[in-house]
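The chain contents come next:
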Amino acid sequence: MNKVGRLMLLFLRKCNRKDTLSLFMICPFKNGLRGTRFLVKPSISCALFHASSEGSTAALPVESSHFSGSGHQVVGHYDIDILVDKIHNHSSDDDVFRCLTRNRECNAIQLSHGLIDKLLHRFNDDWKSALGAFRWAASCPGYKHSPQAYDMMVDILGKMKQMDRMKAFLEEMHQGHFVTLNTIAKVMRRFAGAGEWENAVRIFDELETFGLEKNTDSMNLLLDTLCKEKYVEEAREIFSLLKSHIAPNAHTFNIFIHGWCKINHIDEALWTIQEMRGHGCHPSVITYSTIIQFYCCQFNFRKVYEVLDEMAIQGCPPNIITHTTVMCSLSKAEKFEEALQIASRMKNAGCKPDTLFYNCLIHSLGRAGQVKEAVEVFEVEMPKTGVAPNTSTYNCMIAMLCHHAQLQKALTLLHDMENSKICIPEVQTYHPLLKSCFKAGKVDSLLSKLLNDMVNKHHLSLDISAYSLLIHGLCRANKTEWAYNLFEEMIRKEIKPKYRTCRLLLDEVKEKNMYDAAEKIEGFMKKL
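A brief look at the structure comes next.

## Things to note about the state of the cysteines
Under the criterion given, the structure shown has one disulfide. At a sulfur-sulfur separation of 2.3 Å, the disulfide partner of cysteine 328 is cysteine 360. Separated by 32 residues along the polypeptide, cysteine 328 in helix α19 (residues 320–332) and cysteine 360 in helix α21 (residues 355–367) bring together distant segments of the chain. Classification of cysteine 328 as partly exposed rests on a relative accessible area of 25%.

## Thoughts on unusual backbone geometry
Working note: non-glycine residues mostly have negative phi, and peptide bonds are mostly trans. Phi is positive for histidine 177, close to 60 degrees, though the residue is something other than glycine. Mapping histidine 177 onto the fold places it in the loop between α10 (163–175) and α11 (181–193).

## Considering the nonpolar core
Ranked by internal contacts, the top residues of the largest apolar core, which has 159 residues, are Leu433 and Leu447. For leucine 447, the residues in contact, after removing those within four places along its chain, are Leu434, Cys437, Phe438, Lys442, Leu470, Leu474 and Trp482.

## Some details on the packing of aromatic side chains
Under the counting rule described, the total for this entry stands at 13 aromatic pairs. Relative to phenylalanine 256, the ring of phenylalanine 239 has its centre 5.4 Å away and its plane inclined at 55 degrees; by these criteria the two rings are tilted. Of this pair, phenylalanine 239 sits in helix α14 (residues 232–242) while phenylalanine 256 sits in helix α15 (residues 250–262), and the two are 17 residues apart along the sequence. In textbook terms, an aromatic cluster arises when at least three aromatic residues are bridged by ring pairs, as seen for Phe134, Tyr150, Phe169 and Phe178. Between the NZ or CZ atom of arginine 122 and the centre of the ring of phenylalanine 123, over which it lies, the distance is 4.9 Å. For arginine 236, the ring lying beneath its charged end belongs to phenylalanine 256, and the centroid distance is 5.1 Å.

## Section: the side chain of aspartate 125
Among the secondary structure elements, aspartate 125 is positioned in the loop between α7 (113–122) and α8 (127–139). Here aspartate 125 falls in the buried class, since its relative accessible area comes to 8%.

## Here we look at the environment of phenylalanine 191
Mapped onto the elements, phenylalanine 191 comes out in helix α11. Relative accessible area serves as the criterion here: at 1%, phenylalanine 191 is assigned to the buried category. Sequence separation between phenylalanine 191 and methionine 163 is 28 residues; the distance between their C-alpha atoms is 7.6 Å. Sequence-distant contacts of phenylalanine 191, defined by excluding residues within four places in its chain, comprise Met163, Met166, Lys167, Glu196, Trp197, Asn199, Ala200 and Ile203.

## Structural notes on the environment of leucine 460
Note on placement: leucine 460 falls in the loop between α26 (443–457) and α27 (464–476). Overall, leucine 460 belongs to the buried group, its relative accessible area being 5%. C-alpha of leucine 460 to C-alpha of lysine 118: the two residues are 342 residues apart in sequence and 9.6 Å apart in space.

## What to know about the packing of helix α24 (residues 407–420) against helix α25 (residues 427–440)
One can describe the packing of α24 onto α25 by two numbers: an axis separation of 11 Å at closest approach and a directional angle of 150 degrees. Taken together, the axes of α24 and α25 lie roughly antiparallel to each other. The hand of the α24/α25 crossing is left-handed. Touching Leu407, Ala410, Leu411, Leu414, Met417 and Glu418 of α24 are Thr429, Tyr430, Leu433, Ser436 and Ala440, all from α25. Of the residues contributing to the contact of α24 with α25, the split by class is eight nonpolar, two polar and one charged.

## Some thoughts on a negative patch on the surface
A surface patch of like charges, here negative, comprises Glu233, Glu237, Asp267 and Glu268. The set of elements that each furnish at least two residues to the negative patch consists of α14 and α16 (266–278). Assignment of secondary structure puts glutamate 268 in helix α16. Residue classification places glutamate 268 among the partly exposed residues on the basis of a relative accessible area of 32%.

Rules behind the numbers
- Residues numbered from 1 in each chain as written.
- Predicted model: local features only at pLDDT ≥ 70, side-chain atom pairs only at ≥ 80, totals over all residues.
- Heavy atoms only, no water.
- Disulfide = S-S within 2.5 Å.
- Helix = DSSP H or I, 4+ residues; strand = E, 2+ residues; numbered from the N terminus.
- Buried < 20%, exposed > 50% of the residue type's maximum accessible area, 1.4 Å probe, protein only.
- Core = buried A, V, L, I, M, F, W, Y, C linked by side-chain atoms within 4.5 Å.
- Contact = heavy atoms within 4.5 Å.
- Phe/Tyr/Trp six-rings, centres within 6.5 Å; stacked < 30°, edge-to-face > 60°.
- Lys NZ or Arg CZ within 6 Å of the ring centre and 35° of its normal.
- Axes fitted to C-alpha atoms, helices over the stretch in contact; angles between N-to-C directions.
- Parallel < 35°, antiparallel > 145°, perpendicular 65-115°, else oblique.
- Left-handed = near helix turned anticlockwise from the far one by under 90°.
- Nonpolar A, V, L, I, M, F, W, Y, C, P; charged D, E, K, R; others polar.
- Patch = residues over 30% accessible without salt bridge, like charges linked within 9 Å, V, L, I, M, F, W, Y side chains within 5 Å.
- Areas by Shrake-Rupley, 256 points an atom, 1.4 Å probe, with all protein chains shown as cover.
- Salt bridge = Lys/Arg side-chain N within 4 Å of Asp/Glu carboxyl O.
- Lys, Arg positive; Asp, Glu negative; His and termini not counted.
- Charge placed at Lys NZ, Arg CZ, Asp CG, Glu CD.

Limitation: the analysis is restricted to geometry and does not speak to function.
As structure tokens, this is what we get:
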């Protein structure tokens, strides 16, 4: 074999099968490509394209890993792209497992913890795909999952309300000695979040069977889980039973103060501060900031300033979080001048600003219509003070620019974010951009590109908010088939659409005489 042949063979081995097929189709016939069409499987074709009644524009279902909004194939060159492409459109985790196990291309991939973490993150709203991929990776010779991967998987199952599967998975982790306190934290939070607080308590009771200790830290974990889900009274009863043999600390009482504030029982929160002192624990800046946050949510700024004065008397100066909380709340109450005064007050007190503070300041300036000043904070003041932006900073800037109809500047900032190598776009980054596409009437071009980038470039999995935004926007843009494709995708991923979304889509498909679609939507609505 000559040198060119060896190089070609090496290239083909590195390519996936689609790359190879494209190469052989292009090389011999490059002069006759103008009239050539590449065909796709009917199942993919149905999902990708609008019916002729909506024109020739391609509808981009966000699950399609290797297709752009124009219908042209975008071949993935990374392992994650290959795996995502193979995982899509399976009805069960067993199907996903079988597909990956039988695929030579997938089995040739060198697995790493980073790759599997990315894959699980990509399917964090699709438990079937995540579990199938997890099982496949575990079966690959020479690969062992990291503790983080196990915790991510158990969290995905809980997030998607697959409680029986989550319990079975936890037992499997127990057999392999993979259960940590972090695992227990995730399981308890998912039980409490699903309204099964008794099961959260049961998991705590079984801690020792997992080789873990019942101590102040694990007790606080349970109490915090219950309080955050508003089971404060239940948490209080459990604490009464435990405190005789597990000593509380300051964090224990701060958990209850936060819990009482969360359910608007401020008197109990203030009483807990006295109880805290009785146990020899002193109220901290966290304690006072929690009370301040409660009054801020009530827009009771007179009380806010009273607590700030009390902090000064007690020799407990407010920190950056306290100031940021007050500034954000004043901004929400449209007291923009007061909000900016808090920022000045903080700086004069020698409190060093952090990223969260600047995010709030940018948001406040944007809400006040001071876009130029907000941009100056982002571009000049933050670099000057050595405070790096995070994803939320970019999200805030992009949302502000979109709100003020500066879509092109927002897109430029998104590009800067992608190139920064520090911050990675998330689903929330794209929300205002997607909304702006509909406002600007750029559904056919820009919307398709953004969705393609979300799925293929950043491997993001859409949440219910993104799906709802897209379906509503597409219905209003007369892109009913595209909207219905997304609705079906939600159902496949077991993301339950809201009634309002179903109602809007049902009216649209009936108007377009899409009788089968209407029947399916009506059938789903009966189950809501």
